[in-house]
Amino acid sequence: MKKGYFSVGTAALLSLGLFTSTYAADACSDAMGHSGNGMKVNVSCGNDGSCQGLGKISGTSWGLEEWYSGGGNNSMTYYSNGTFSAEWSGAGDFLARVGFQYDNNLVDHKTKHYAVDYKYTKQSQSAGYGYIGVYGWTRNPDVEYYIVDDWYSQPNDQYIGPSFGTFTVDGGTYSVHAFIRDNEYSKLGQSTFLQIFSVRETPRQCGHIDISAHFKKWDELFHGQTENLPTSKNGHMNYTVGFGKLMEVMLMSEAGGSATGKIDYTYFNMVDNAEGSTVTSSASTNPTSSASTPTSSAAAQTAVGTLPGKIEFEDYQNKDGGFTNGGTYLGDIEPGNWAEYTVNVTYTGTYTFELSAARGDDQDRTTSIDLVVDGTNVGTISDILTDGWDDYKSFTGVTTSLSAGTHTLRVEFTGGYVNVDNITFTEKDVDKGSKYEPPASIRNVHLSLNSDKDLQVFDMQGRNLGRLSVTAGASLQDALFARFHKSGIYLVKQGSKMTRVRVTR
């Protein structure tokens, strides 16, 4: 397998003023796992058919809750570091969650900055509906809110309400929706309340959520105006919308509609003092279609590749699977794993792609890889087999027609058991009149280091990692590695200029 190593001496670190540094956690690549013995949540049921279990995780500021109604065989297990798992079978509605619980000691969300890093695996045999992400309640006005990063069944406007527009944060585009629950059971008893949803256009199973960025966007969209919104009774209601003070902010899984499944959160870290993320908005105050193609400036800003051109597999932005990022390759890939990349397609048309991959197997088994753009399969490579795990060879294919613009490319390792280096796209049959140019303000530019620089650094998910001071003549790559101790792609910004910097060690 390919491996890359590099060491920076103490003298070099001292010369950069970066000998002491803060490690930036990455839930998608860092291993946390469960800590201590798992504890089952004790649940008691009321006369109304709902069951609830509440608690606190010892030594932390996090609370936990299991809630369900409509029967079923359900359970939640939590651990001392906040990670948790849950199983449900035949559940009418089941929620498991961990995070900050304030109950009646309401908190003004503007006084704190909430964020969470998470990673999980899921299994669902059936679900009428189901959301995975961040969940909570506010009072005055009463709001049940969701930040949906993944789901058990595709969210439908019929149940989450019309879209009020989109905005981009943490490397993804979210569509904001609102809906009225008319005289239904809630955390506040039987009541009428507003539901607000931010739904990520591309689901993911690990990453960072700047929760407060969503709070701020909801404040902007729902600031005391009256809206005619659909209700749970299949009608419409004039409702003065808004976003109140927090009762809770929690990482959760919800499934309902005689649902059966399980989830296992193996990485959890929620804070209320996070730094902010870059947010780009395309939201309007008028309901629009929830569907949109991620072509915002923020998406283009975080693109890891351009077609035609080469994409290095280790530069993924989202992933599913425990494969190895070797700095110059991906290895230990198993069937069903995938990795995602934001890409700029220059011209509308078809592209030839050339995959560099290695696979050694004494059983002569082969594997395959699917290329999926914005949810549509655009190409497949099958029968990948070489003379060894370090014997990289080229495998080629041709895409279906791609439209010019910014898109999400997901590489699905349908057969698994393969090492991959890079994939190169060349023009086959394109329309040169359809050229796409990212806005000039966010194109990659060269940052001159002929004088001392104070830079702002982001990861490829758009998360603000902090500031970096670099002395004149120093290596930007060395400075980034000394500060953050991680290989990969960084977005480095000085004023209005931004560039992508690859660090390989």
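Trainee: Would you explain the state of the cysteines in this entry?
Mentor: Taken as a whole and assessed by the stated rule, the structure comprises two disulfides. Paired by a disulfide, Cys 28 and Cys 206 hold their sulfur atoms 2.2 Å apart. One disulfide, between Cys 28 and Cys 206, carries an S-S torsion of 105° and so falls in the right-handed class. In this pair, Cys 28 is assigned in the loop between α1 (10-15) and β1 (39-40) and Cys 206 in strand β13 (residues 206-209), connecting sequence segments 178 residues apart. Note on Cys 206: relative accessible area 2%, which makes it buried. Numbered by order of appearance in the sequence, the disulfide-linked cysteines of the protein chain pair as 1-4, 2-3.

Trainee: What's the story with the packing of aromatic side chains in this structure? I'm lost.
Mentor: Ring pairs (aromatic) are described by centroid distance and by the angle formed between their planes. The final tally for this structure, using the stated rule, is 30 aromatic pairs. Ring plane angle 70° and centroid distance 6.2 Å describe the contact between Tyr 114 and Phe 215, whose orientation is recorded as edge-to-face. Highlighted residues: Tyr 114 in the loop between β6 (84-101) and β7 (115-126) and Phe 215 in helix α3 (residues 211-221), separated in sequence by 101 residues. The burial state of Tyr 114 is the same as that of Phe 215; both residues are buried. Seen in terms of ring centroids, Trp 137 and Phe 193 are 5.0 Å apart; in terms of plane orientation they differ by 55°. Their pairing is tilted. Taken together, the positions of Trp 137 in strand β8 (residues 129-139) and Phe 193 in strand β12 (residues 189-200) put the pair 56 residues apart, joining distant regions of the chain. Cluster of aromatic residues (ring-pair linked, three or more members): Phe 100, Tyr 102, Tyr 114, Tyr 145, Phe 215, Trp 218 and Phe 243.

Criteria and thresholds
Residues numbered from 1 in each chain as written. Predicted model: local features only at pLDDT ≥ 70, side-chain atom pairs only at ≥ 80, totals over all residues. Heavy atoms only, no water. Disulfide = S-S within 2.5 Å. Helix = DSSP H or I, 4+ residues; strand = E, 2+ residues; numbered from the N terminus. Buried < 20%, exposed > 50% of the residue type's maximum accessible area, 1.4 Å probe, protein only. Phe/Tyr/Trp six-rings, centres within 6.5 Å; stacked < 30°, edge-to-face > 60°.

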